[in-house]
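# Chain and residue survey
For reference, the chains in residue letters:
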Amino acid sequence: MSPSVHALDRARVSRSQVQSPDRAEVEQAVRTIIRWTGEDPDRDGLRDTPARVTRSFEEFFSGYGQDPVEILKKTFEEIEGYDEMIVLRGIRFESHCEHHMAPIIGQAWVAYIPNGRVVGISKLARVVDVYARRLQIQEKMTAQIANTINDVLEPQGVGVIIKATHHCMTTRGVHKPDTDLVTSRMLGCFRDNALTRQEFLGMAT
Ligand SMILES: Nc1nc2c(ncn2[C@@H]2O[C@H](COP(=O)(O)OP(=O)(O)OP(=O)(O)O)[C@@H](O)[C@H]2O)c(=O)[nH]1
Ligand SMILES: [Zn+2]
């Protein structure tokens, strides 16, 4: 991945950069979809739905307004030379696939071995959420989380594993309800040292 693409991935994506439409336009688009289904958007139960959907989307896609680098910059100094693996397991997340805008529901395992700096553990979960709250494919999200932690903390190594169910596969299209997708990205000693990689995989599966 070229450095410029890498930097763009990590950055806060401002609304002006992508020519964001205003709220009324989004609500109008939802009204159009409701009409397209054959429903009457002015009937009692649906009248407030365009505003509700817009508010929901605001939450689902709030990751564009957040910068994961800023979150991770709040690091602590290493305590008494701790240099073993740190693993936050089973971080539940909700995302949406960029193909169908259907939910991706899963868990992430995030590990690193520090190199002089550790971070508050909640920040690892926050980085997962920032990337999850964007339109995603799982492979990209896995790489973004690992790359960002690697770039900001400069640890000895990073490992990220994601296991998720894609609703575009379970509730539509090919309809395979019991499937999940597992992806991983290993950097530094997690990539180079088979024992480190094995230790992490053992904790995550
Ligand atoms: N690699 C990858 N593929 C994904 C992910 N999320 C969804 N997809 C796939 O993206 C593909 C989009 O395929 P298209 O053929 O363009 O879309 P489609 O006609 O709706 O495809 P079907 O889902 O097979 O009905 C599908 O195969 C999805 O299963 C993801 O995170 N990673
Ligand atoms: Zn999809």
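Residues numbered from 1 in each chain as written. Chains lettered and ligands numbered in written order. Predicted model: local features only at pLDDT ≥ 70, side-chain atom pairs only at ≥ 80, totals over all residues.

Residues in contact with ligand 1, as listed here, are Cys-97, His-99, Ile-137, Gln-138, Glu-139, His-166, Cys-168, Met-169, Gly-173 and Val-174. Those elements giving two or more residues to the shell around ligand 1 turn out to be α6 (138–153) and α7 (167–170). Tallied by class, residues from the shell around ligand 1 come to five nonpolar, four polar and one charged. (Near = placed C-beta within 6 Å. Helix = DSSP H or I, 4+ residues; strand = E, 2+ residues; numbered from the N terminus. Nonpolar A, V, L, I, M, F, W, Y, C, P; charged D, E, K, R; others polar.)

Before going further, it helps to examine the UniProt feature "binding site: Zn(2+)" (unreviewed entry) in the protein. The feature "binding site: Zn(2+)" (unreviewed entry), as annotated in UniProt, sits at Cys-97, His-100 and Cys-168 in this numbering. With the annotated positions falling across 72 residues, the maximum pairwise C-alpha distance of 7.9 Å places them together in a single cluster. Position of His-100 among the secondary structure elements: in the loop between β2 (86–97) and β3 (103–113). Taking the C-beta count within 10 Å as the criterion, His-100 has 15 such neighbours and is therefore assigned partly exposed. Position of Cys-168 among the secondary structure elements: in helix α7. Given 16 C-beta atoms within 10 Å, Cys-168 falls into the partly exposed group. (UniProt positions renumbered as here; feature names shortened; annotations may be inferred. Buried ≥ 20, exposed ≤ 12 C-beta atoms within 10 Å, placed from the backbone.)

Contact geometry of helix α2 (residues 23–37) with helix α3 (residues 49–60) gives a least axis separation of 8 Å together with a crossing angle of 120°. Seen from above, α2 lies across α3 with right-handed handedness. Within the contact between the two elements, α2 uses Arg-23, Val-26, Glu-27, Val-30, Arg-31 and Ile-34 and α3 uses Thr-49, Pro-50, Ala-51, Val-53 and Thr-54. Split by residue class, the contact of α2 with α3 holds six nonpolar, two polar and three charged. (Axes fitted to C-alpha atoms, helices over the stretch in contact; angles between N-to-C directions. Left-handed = near helix turned anticlockwise from the far one by under 90°. Contact = placed C-beta atoms within 7 Å.)

The next thing to look at is the pairing of β3. Two faces, one strand: in a regular strand the side chains alternate between the faces of the sheet. In terms of burial, β3 is a largely internal element, eight of the 11 residues being buried. Sheet topology note: the β2/β3 ladder contains nine bridges and is antiparallel. Its bridge partner lying in β3, His-96 is registered against Pro-103. Counting the residues between successive antiparallel strands, the hairpin from β2 to β3 contains five residues, one of them, Met-101, with a positive phi of roughly 55°. Note: β3 against strand β6 (residues 157–166), 10 bridges, orientation antiparallel. What sits directly across from Ile-113, in β6, is Gly-157. (Pairing = 2+ DSSP bridges.)

Bringing the environment of Pro-41 into the picture now. Mapping Pro-41 onto the fold places it in the loop between α2 and α3. It is 6.1 Å that separates the C-alpha atoms of Pro-41 and Arg-31, two residues lying 10 residues apart in sequence. When near neighbours in sequence (up to four residues on either side) are disregarded, Pro-41 contacts Arg-31, Ile-34, Arg-35 and Leu-46.

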